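Chain and residue survey
The chain contents come next:
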Amino acid sequence: GGRVRAVVRLGRKRFEQLVADALRQIPPEFQRALDNVEVVIEAWPTAEQLADAGLDPDELLFGLYQGTPLPQRSPLEPYRLPDVITIFQGPLEEACATEDEMREEIRKTVVHELAHYFGFDEERLEELGLG
C-alpha cells in the first residue's frame, strides 16, 4: 500500500494568522496595491470558482483573484468595489504536510494572485518563477 500523506489541519484563527503573516512579507510596492484589494479566506472553492480558474472539480485551487487587472482599467470607469483575492484553506491543508510548507504555499499564493491584479498572466508568472 502507498504511504499515507500527512495533512496539516489548522484552526481558522491560526490559518488567518499565516495569511496575515504572508501579507506582511510581500514587497512594499505590492503592499500599496492591497489598499484596493480585499483578501478573504474561504474553506473550499465553489464549483463556479473552480470553473473561473479553468480547473476540474477534483483539482486543488489555493487562491483566486477576481476583479479587473490594473492594465485593463480605464480612467473613465467609475470606482468599483474592491477586487478580491480569496485564499482557500482546505486545499492548502490537503497539499501541505507541515505548517512551514503551508506558510510558504500561502505566501506564493498571495503573491501569485496579486500578480494577476497587476495584469500578469499565467505564462508571465511562470517566467518570473511565480507560477
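These numbers come from a predicted model, not from an experiment.

Conventions we followed
- Residues numbered from 1 in each chain as written.
- Predicted model: local features only at pLDDT ≥ 70, side-chain atom pairs only at ≥ 80, totals over all residues.
- Heavy atoms only, no water.
- Helix = DSSP H or I, 4+ residues; strand = E, 2+ residues; numbered from the N terminus.
- Rg over C-alpha atoms; globule rule 2.2 N^0.38 Å.
- Buried < 20%, exposed > 50% of the residue type's maximum accessible area, 1.4 Å probe, protein only.
- Contact = heavy atoms within 4.5 Å.
- Patch = residues over 30% accessible without salt bridge, like charges linked within 9 Å, V, L, I, M, F, W, Y side chains within 5 Å.
- Areas by Shrake-Rupley, 256 points an atom, 1.4 Å probe, with all protein chains shown as cover.
- Salt bridge = Lys/Arg side-chain N within 4 Å of Asp/Glu carboxyl O.
- Lys, Arg positive; Asp, Glu negative; His and termini not counted.
- Charge placed at Lys NZ, Arg CZ, Asp CG, Glu CD.

**Examining the overall build of the protein**
Within the protein one finds six helices and three strands. Along the protein, helices and strands appear, N-terminal first, in the series α-α-β-α-β-β-α-α-α. Here the protein has a C-alpha radius of gyration of 15 Å; the compact-globule value for 131 residues is 14 Å, and the two agree. When the backbone C-alpha atoms are referred to their principal axes, the protein occupies close to 60 × 30 × 30 Å. Per-residue burial over the protein gives 36% buried out of 131 residues. Contacts in the protein between residues far apart in sequence, at least 24 positions, make up 68% of those at least 6 positions apart.

**Things to note about a negative patch on the surface**
Judged by side-chain charge, Asp121, Glu122, Glu123 and Glu126 come together as a negatively charged surface patch. Considering the arrangement of structural elements, one finds glutamate 123 in helix 6 (residues 122-127). Since its relative accessible area comes to 60%, glutamate 123 is described here as exposed.

**A word on the side chain of glutamine 49**
With respect to the helices and strands, glutamine 49 occurs in helix 3 (residues 47-52). The exposure class assigned to glutamine 49 is buried, which follows from its relative accessible area of 12%. Residue contacts for glutamine 49: discarding those within four places in its chain leaves Trp44, Leu61, Leu64, Gln66, Thr86 and Phe88.

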